[in-house]
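Descriptive analysis of the structure
Each chain, written out:
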Amino acid sequence: MQTKIQRLIDFLLTYANPSIKLRVKQEVLSCITPKEEAELQSQIRKEPIYQLIANAQKENGWIGNGFHGPNKHAGPYENQEIGIKYLAEKAVGKTDPVLKRAMEAFVTTDLTDPCYQTKGKYFDEFRYPANGQNLIRCACIARAGYDDQIDITPQMKLSLDSFQRVLEVDSILDVTYTRKVKPSRSNPSGIFSFFHEYEKWPCRYHLDILAHTDTWKTPENQKMLADSMIKMMKTDRPELINKTANSWVSYPLGTLGCFPSQGLAIKQTCLSPSPITIDNGKVPKYHLEYIEWFARCGIVPYIPVLKEAVDELANAIDENGICRISVLEEVLKGIGTYGGQQLETDWKSPVRKLCDIGFRVLLILHHAKQ
């Protein structure tokens, strides 16, 4: 496997853009010099999307006119959440002025401020399972590596407790109730499932926080997290497969990618907030983001399906260092609220897409050794 990994590294260091080269040397090889890092970051700051984000930053440090994704007044990168995720994934560095000011805005801006786009409401992440603007905020802080400067330990514990809760109950049915609301095209009966207040259940943003922090990592916590994933990956109870729930806040509020009671999948057919496979007639393909996050959490050794995926990804690297694996490109392309890992400026050249795929595979192989 080491030979294949070295071929992949050589391919990326030859063809990839500055961000990928920097991260390969910094995170995988641990061999970058301060001068080289500064030179690569200087190149990154000249790229169009970085300039777009910088120009959208307001006086108080907030990026754009939105928070959780784009709005009609701005493009996909011109908002606080995606702007921060992009800067962090591009490895601009914690001292980057745009990223640093965005983090300062998270400290000085009240959670009921209009910029959070919740009409002044605070959706308490402890009251509403798998929900709340502060959960998104803390995931951004974790992604940026600022958890050593801004305290998110309560949300890290909440994330662990939410996965632990899966093991404490029989199923999601024990932490939810049904309620009839206004029927919709997707739900003609109008009967929805809602979480009980102050219950716990995991979601995408809990995993995001854990994947990008380290202080929680102990063998006991990692084994618990793996056991929780294994339980949610089961498919022996049809009534629980892809079963999720919403929050009731005087109206139905969708969660932040609630995990299913069963049916958790690392191969999916479309971009979805929840890690489930939707039967839409398409062939499921690897969701590299979730696999990378699981690897970062150090749980691959405990979960057979993840070990098989890692082996398949490694075996797909050819003699030229190109990973010839079929992945869900909707998840890889761009960067958004529920997916996106693209570091290359565009995919006009096929080699650029191969670099984005190869880099994520390299990170998975690197972190899977934990």
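Whatever comes next refers back to the structure up there.
Residues numbered from 1 in each chain as written. Predicted model: local features only at pLDDT ≥ 70, side-chain atom pairs only at ≥ 80, totals over all residues. Heavy atoms only, no water.

1. Structural notes on the overall build of the chain
Each helix and strand in the chain was counted, giving 14 helices and 6 strands. Computed over C-alpha atoms, the radius of gyration of the chain comes to 20 Å, within 12% of the 21 Å expected from 2.2 N^0.38 for 370 residues, which places it in the range of a compact globule. The dimensions of the chain, computed from C-alpha atoms along their principal axes, are 60 × 50 × 40 Å. In the chain, which comprises 370 residues, the proportion classed as buried is 56%. Intrachain contacts of the chain at a sequence separation of at least 6 include 65% that bridge at least 24 residues. On the chain, roughly 15,800 Å² of surface is accessible, and the fraction owed to carbon and sulfur atoms is 51%. For the chain, the distance from the average position of its 46 positive side-chain charges to the average position of its 44 negative side-chain charges is 4 Å. (Helix = DSSP H or I, 4+ residues; strand = E, 2+ residues; numbered from the N terminus. Rg over C-alpha atoms; globule rule 2.2 N^0.38 Å. Buried < 20%, exposed > 50% of the residue type's maximum accessible area, 1.4 Å probe, protein only. Contact = heavy atoms within 4.5 Å. Areas by Shrake-Rupley, 256 points an atom, 1.4 Å probe, with all protein chains shown as cover. Lys, Arg positive; Asp, Glu negative; His and termini not counted. Charge placed at Lys NZ, Arg CZ, Asp CG, Glu CD.)

2. Overview of helix 1 (residues 2-15)
Over its 14 residues, helix 1 runs 20 Å from end to end, which matches the ideal 20 Å to within 8%, given 1.5 Å per residue. Those residues of helix 1 that sit buried are I5, L8, I9, F11 and L12. Buried residues of helix 1, viewed axially, fall in a sector of 160°; they line one side. Opposite the buried face of helix 1, by more than 90 degrees, sit the exposed residues Q2, T3 and T14. (Expected span 1.5 Å × (residues − 1). Arc of directions from axis to C-beta.)

3. Quick look at unusual backbone geometry
Here the phi dihedral of S30 falls at roughly 50°; this positive angle occurs in a residue that is not glycine. Looking at the secondary structure, you find S30 in the loop between helix 2 (18-28) and helix 3 (34-44). One non-glycine residue with positive phi stands out, namely A91, at about 65°. In this fold, A91 is placed in the loop between helix 5 (80-89) and helix 6 (97-108). Classification of A91 as buried rests on a relative accessible area of 10%.

4. With respect to the layout of surface pockets
Reported here for the largest pocket is a volume of approximately 630 Å³. In this structure, the largest pocket is lined by 27 residues; those nearest its centre are E27, R143, A144, G145 and R296. For the lining of the largest pocket, the secondary structure elements donating two or more residues are helix 2, helix 3, helix 5 and helix 7 (133-143). Here the element with the most residues in the lining of the largest pocket is helix 2; it accounts for 4 residues. Here the residues of the lining of the largest pocket are counted per class, giving 9 nonpolar, 8 polar and 10 charged. Put simply, the second largest pocket is a space of about 320 Å³. Around the second largest pocket, the lining is made up of 16 residues, and of these Q117, T118, F123, N131 and L253 lie nearest the centre. A breakdown of the residues in the lining of the second largest pocket according to their chemical character gives 7 nonpolar, 7 polar and 2 charged. (1 Å grid on protein atoms, 1.4 Å probe; cavity = no way out; pocket = protein on both sides within 12 Å on 5 of 7 lines; lining within 4 Å. Points joined across faces, edges and corners; volume = space filled by probe spheres on them. Nonpolar A, V, L, I, M, F, W, Y, C, P; charged D, E, K, R; others polar.)

5. Overview of the packing of aromatic side chains
Taken as a whole and judged by the stated rule, the model has 16 aromatic pairs. Ring geometry for W62 and F106: centres 5.8 Å apart, planes at 85°, overall edge-to-face. In this pair, W62 sits in the loop between helix 4 (48-56) and helix 5 while F106 sits in helix 6, placing the two residues 44 residues apart along the sequence. Just as W62 is buried, F106 falls in that class too. Taken together, a centroid distance of 6.3 Å and an interplanar angle of 80° make the contact between F259 and Y290 edge-to-face. Residue F259 is found in the loop between strand 4 (252-253) and strand 5 (267-268), and its partner Y290 is found in helix 11 (residues 288-297); the two are separated by 31 residues along the sequence. Y290 gets classed as buried once you look at its relative accessible area, which sits at 0%. (Phe/Tyr/Trp six-rings, centres within 6.5 Å; stacked < 30°, edge-to-face > 60°.)

6. What to know about the nonpolar core
Core analysis: the largest hydrophobic core is formed by 113 residues, its most contacted members being L12 and M229. A total of 8 residues in this core trace back to one element, the largest contributor, which is helix 14 (residues 350-367). Not counting chain neighbours up to four residues away, the residues in contact with L12 comprise I20, K21, V24, C355, G358, F359 and L362. (Core = buried A, V, L, I, M, F, W, Y, C linked by side-chain atoms within 4.5 Å.)

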